[in-house]
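Fold and geometry: a report
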Amino acid sequence: MSCCHYYASAEGGDTAFSVDTNAITFGKGCLAEAGDVAAALGIRRIALFTDKVLAKLPHVETVRQSLIASGLDVVVYDETRVEPTDTSFKTASRFASEGRFDGFISVGGGSVIDTCKAANLYSSHPADFLTYVNAPIGDGQQPPSALKPHIACPTTSGTGSECTGIAVFDLLAMKAKTGIVSKYLRPTRALVDPLCTHSMPKNVVAASAFDVLSHALKSYTARPYSIRPGPDRPSERPMSQGANPWSDIGCRESLSILGQYIDRAVNDGADTEAREKLMWASTLAGIAFGNAGVHLPHGMAYSVAGLVTNYQPDGYPDEEAICPHGISVIVNAPSVFRFTASASPHRHLEAAGWLGADLLGASEDDAAEVLSSRLIHLMKSTEMPNGIGGVGYCDDDIEALTAGAFPQQRLLQNAPCETSESDLKNLFVDAITYW
Ligand SMILES: [Zn+2]
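Note that this is a predicted model, so its numbers are computed, not measured.

Before going further, it helps to spend a moment on the packing of aromatic side chains. Within the structure shown, the criterion is met by 15 aromatic pairs. Ring geometry for tyrosine 6 against tyrosine 7: centres 5.3 Å apart, planes inclined by 75°, an arrangement best described as edge-to-face. Taken individually, tyrosine 6 and tyrosine 7 each receive the classification buried, so the pair is uniform in this respect. Ring plane angle 65° and centroid distance 4.9 Å describe the contact between phenylalanine 26 and tryptophan 280, whose orientation is recorded as edge-to-face.

Rendered as structure tokens:
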């Protein structure tokens, strides 16, 4: 029973884990329930967050009409940006403060949902911007109390942001990605409508799916909650509490779905069954990582995305270089899981099996190779970039990438093994190219 053993109590380690999740409605057409849900939450005047592209598509209109039909006063905000920044968060927060709303609804990908979380936070509890931003970059303070109701409607099968209390952004002055983390940021309810996946461009499906895969794989292989030092007070137990039996359930199912459907969903736009399955995998992984936390590849992704200068994938805005979140994460993953496999080989091997690897004859000594090979296979079959070299980095960039990622200690410490600065450097070197 590796599971019981994995959570064996450790000296000074936490002795309990928490299951915190929001209310979720999942199913085709459920975006049309937005008005009834908002009215039941007591909302009268609502800010509808989206972006300029989505604002012209039917999903936003479905939500808007539903809200109007329920008698709500709706104001649309479409100035959110893909990969938000401190500046775009501040602009959105100003809009939210001036609009005197009593509730929020976000319709979009992770960038839109995260922007709405930040706008809700700073308009509900005004403060200097860095007050709530993760330490050591910001003060890492918790908001004093709950925010206004927020209904999150994801239109991509990726970030899981609708289930988490995390908002990620680029801090422009430091050229670094960081975030705000609080249970109060978790949306009040998520409306997850798998019909939204039908119109996603191929590259967006792939990038989103690899974000989901990373969430599930990292939550499953994260440091066990029982090893993380126990909190001084129970209320201070972090959301990134480490792997735990509850999150394991969602990770397992999510990885199995991905193993079965990722290739089909990316390579056949007409395969709506596969795309809808990925939406469910995304929701499951979102619940899981909202209670466990991700680790190394996400920490490394912050600098991969933050320092990118000449990469522009199809399906994304083309005004400037961009490394979409899911791509910035997966390009590090094979390198990282080779490194972490020795900490929990059984788990790494299980995960590889769920993702479709052939485990016949494989022993725990092979876990690193089996899992990284499977990830590389999936990256190739979905035309992902070949490592960080594929998004424009070379040996000369390793120092800067390491310097950008090492401060992400919240993520690094959730890994199953200690990661020194030189370990991190080696992980980037090993991630330059895979095939
Ligand atoms: Zn992610």
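Judged from the four bridges that link them, strand E1 (residues 23-26) and strand E8 (residues 189-192) form a sheet pairing that is parallel. Looking at the pairing, isoleucine 24 lines up with alanine 190 of E8. Pairing geometry for strand E5 (residues 150-154) and E8, over two bridges, is parallel. The residue bridging isoleucine 151 from the neighbouring strand is arginine 189, located in E8.

When the charged atoms of two side chains lie near each other, side chains of opposite charge can form a pair. Scanning all chains against the criterion turns up 15 salt bridges. A salt bridge links glutamate 320 to arginine 81, with the shortest nitrogen-to-oxygen separation between them at 3.0 Å. Of this pair, glutamate 320 sits in the loop between helix H9 (296-306) and helix H10 (325-330) while arginine 81 sits in the loop between strand E3 (73-77) and helix H4 (86-99), and the two are 239 residues apart along the sequence. Taking relative accessible area as the criterion, glutamate 320 reaches 42% and is therefore assigned partly exposed.

Counting 69 residues, the largest nonpolar core has Leu213, Leu258, Val304, Ile388 and Phe428 as the members making the most contacts within it. With 11 residues, helix H6 (residues 202-221) is the single largest residue contributor to this core. When neighbours within four sequence positions are excluded, leucine 213 is seen to be in contact with Leu255, Leu258, Ile262, Ile330, Leu355, Leu375 and Leu378.

Here the focus is unusual backbone geometry. With omega at 5°, the peptide bond leading from alanine 135 into proline 136 counts as cis. Residues other than glycine seldom take positive phi values, yet glutamate 83 does so here, at roughly 55°. Mapped onto the secondary structure, glutamate 83 falls in the loop between E3 and H4. Even without glycine at this site, arginine 100 takes up a positive phi of about 45°. Under the relative-accessibility criterion, arginine 100 is labelled exposed at 69%.

Another point: helix H8 (residues 272-292). Compared with the 30 Å implied by 1.5 Å per residue over 21 residues, the 30 Å span of H8 between its first and last C-alpha is a close match. Burial analysis of H8 places 17 of its 21 residues in the buried class, which makes it a mostly covered element.

The N-to-C vectors of helix H7 (residues 245-267) and H8 enclose an angle of 150°; their axes lie 8 Å apart at closest approach. The pairing of H7 with H8 is recorded here as roughly antiparallel in orientation. For the crossing formed where H7 meets H8, the hand is left-handed.

Rules of the game
- Residues numbered from 1 in each chain as written.
- Predicted model: local features only at pLDDT ≥ 70, side-chain atom pairs only at ≥ 80, totals over all residues.
- Heavy atoms only, no water.
- Phe/Tyr/Trp six-rings, centres within 6.5 Å; stacked < 30°, edge-to-face > 60°.
- Buried < 20%, exposed > 50% of the residue type's maximum accessible area, 1.4 Å probe, protein only.
- Pairing = 2+ DSSP bridges.
- Helix = DSSP H or I, 4+ residues; strand = E, 2+ residues; numbered from the N terminus.
- Salt bridge = Lys/Arg side-chain N within 4 Å of Asp/Glu carboxyl O.
- Core = buried A, V, L, I, M, F, W, Y, C linked by side-chain atoms within 4.5 Å.
- Contact = heavy atoms within 4.5 Å.
- Expected span 1.5 Å × (residues − 1).
- Axes fitted to C-alpha atoms, helices over the stretch in contact; angles between N-to-C directions.
- Parallel < 35°, antiparallel > 145°, perpendicular 65-115°, else oblique.
- Left-handed = near helix turned anticlockwise from the far one by under 90°.

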